[in-house]
Amino acid sequence: MNRSGIIRRPRTEAAKSPASDERELLARVVAGDLRAFERLYRLYQPRLSRFLTTLLRRPQLIEEVLDDTMMVVWQSADRFRGSSKLSTWIFAIAYRKAHKARLKWPDPIEEPEQDTRLSEDPAPDDELHHQKLHDSLMRAMDQLSADHRAVVELTYFHGLGYREIAEIVDCPVDTVKTRMFHARRRLKQAIGGRLSDWF
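Residues numbered from 1 in each chain as written. Predicted model: local features only at pLDDT ≥ 70, side-chain atom pairs only at ≥ 80, totals over all residues. Heavy atoms only, no water.

### A closer look at a negative patch on the surface
And step 1. On the surface, a cluster of negative charge is contributed by Glu63, Glu64, Asp67 and Asp68.
And step 2. The residue Glu63 is located in helix α3 (residues 59-76) in this model. (Patch = residues over 30% accessible without salt bridge, like charges linked within 9 Å, V, L, I, M, F, W, Y side chains within 5 Å. Areas by Shrake-Rupley, 256 points an atom, 1.4 Å probe, with all protein chains shown as cover. Salt bridge = Lys/Arg side-chain N within 4 Å of Asp/Glu carboxyl O. Lys, Arg positive; Asp, Glu negative; His and termini not counted. Charge placed at Lys NZ, Arg CZ, Asp CG, Glu CD. Helix = DSSP H or I, 4+ residues; strand = E, 2+ residues; numbered from the N terminus.)

Structural data, given as structure tokens:
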């Protein structure tokens, strides 16, 4: 307690980083702690859902693949060696599971849209303009291959670096860079000069 009567916690009790909290949860999962697994599941469910939505065009597969991914985490938690981030390990499992699901259930063939171009008229306000850009980007991403969508999603929506992405998708870093180059070129063709607002 200091002079003003405020109790100060020792530095050793300072808040842990999210990564160390996740490692602690995983250690408890290895020990068979179901509550720790439930917490880990809730922590990763939104992030994995977004990632899998990008990879899989069949909404009914997303929850199934997510559950399969987390089942592997539950059953194989003791195999995580800590040579990468825990998130990298889990996303790599999700990527492999999604790849298997795509092989089993190929993407449906969609009817081409009549006109997906944005109007050249100025938007009435910034929010509407931003929403139109977002919608245009999502339509353009749908035209990419699953591998290209994965690197764009992991880079721009999950903030991962090329080295981490290479671990997740199990390919060389140079391949990730090549995929990103082609993906950005395709996106630029699809949405024109507006790409600079996003990338």
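There's plenty left to go through after this.
### With respect to the environment of Arg39
And step 1. In this fold, Arg39 is placed in helix α2 (residues 34-55).
And step 2. For Arg39 and Leu25, which are 14 residues apart along the polypeptide, the C-alpha to C-alpha distance reads 7.8 Å.
And step 3. Those residues in contact with Arg39 that sit more than four places away from it in its chain are Leu25 and Arg28. (Contact = heavy atoms within 4.5 Å.)

### What about the confidence of the model for the protein chain?
And step 1. For the protein chain, per-residue confidence averages 80 on the pLDDT scale, and 74% of positions sit at 70 or higher.
And step 2. Here residues 7-14 scores under 50 on pLDDT; set against residues more than four positions off or in separate chains, the count is 2 contacts. (pLDDT = per-residue confidence, 0-100.)

### Description of the packing of aromatic side chains
And step 1. Tallying each qualifying case throughout the model produces 4 aromatic pairs.
And step 2. Residues Phe80 and Trp89 carry aromatic rings whose centres are separated by 5.3 Å and whose planes lie at 45° to one another, so their mutual orientation is tilted.
And step 3. Of the residues examined, Trp89 reaches a relative accessible area of 16% and is grouped as buried.
And step 4. Directly above the ring of Phe157 sits Arg50, whose terminal nitrogen or CZ lies 4.0 Å from the centroid. (Phe/Tyr/Trp six-rings, centres within 6.5 Å; stacked < 30°, edge-to-face > 60°. Buried < 20%, exposed > 50% of the residue type's maximum accessible area, 1.4 Å probe, protein only. Lys NZ or Arg CZ within 6 Å of the ring centre and 35° of its normal.)

### Quick word on helix α8 (residues 173-191)
And step 1. Its 19 residues place the ends of α8 27 Å apart at the C-alpha level, agreeing with the 27 Å of an ideal helix rising 1.5 Å per residue.
And step 2. Of all the positions in α8, only Val176, Arg179, Met180, Ala183, Leu187 and Ile191 are classed as buried. Down the axis of α8, the buried side of the element spans an arc of 100°, and every buried residue falls inside it. Summarising the geometry of α8, the exposed residues directed more than 90 degrees from the buried face are Asp174, Phe181, Lys188 and Gln189. (Expected span 1.5 Å × (residues − 1). Arc of directions from axis to C-beta.)

### Digging into the packing of α3 against helix α4 (residues 86-104)
And step 1. Following both chains from N to C, one finds α3 and α4 inclined at 135°, their axes separated by 9 Å at the closest point. As summarised for this structure, α3 and α4 are arranged oblique, according to the angle between their axes. Our pair here, α3 against α4, has a crossing hand that is right-handed. Taken together, the residues of α4 that come into contact with α3 (itself represented by Leu61, Val65, Asp68, Thr69, Met70, Val72, Val73 and Ser76) are Trp89, Ile90, Ile93, Ala94, Lys97, Ala98 and Ala101.
And step 2. A breakdown of the residues in the contact of α3 with α4 according to their chemical character gives 11 nonpolar, 2 polar and 2 charged. (Axes fitted to C-alpha atoms, helices over the stretch in contact; angles between N-to-C directions. Parallel < 35°, antiparallel > 145°, perpendicular 65-115°, else oblique. Left-handed = near helix turned anticlockwise from the far one by under 90°. Nonpolar A, V, L, I, M, F, W, Y, C, P; charged D, E, K, R; others polar.)

### What about the packing of α2 against α4?
And step 1. For the pair α2 and α4, interaxial distance at closest approach is 11 Å and the crossing angle is 45°. Classified by the angle their axes make, α2 and α4 are oblique. Of the two elements, α2 crosses α4, and the hand of that crossing is right-handed. The residues of α4 that touch α2, namely those facing Leu40, Tyr44, Arg47, Leu48, Phe51, Leu52 and Leu55, are Leu86, Ser87, Ile90, Phe91, Ala94, Tyr95, Ala98 and Arg102.

### Structural notes on the pattern of salt bridges
And step 1. Applying the stated criterion across every chain, the model contains 5 salt bridges.
And step 2. Among the salt bridges present, the one from Arg102 reaches Asp147, with a minimum N-O distance of 4.0 Å. Of this pair, Arg102 sits in helix α4 while Asp147 sits in helix α6 (residues 146-157), and the two are 45 residues apart along the sequence.
And step 3. By sharing partners, the salt bridges in this structure join Arg102, Asp147 and Arg179 into a single network.

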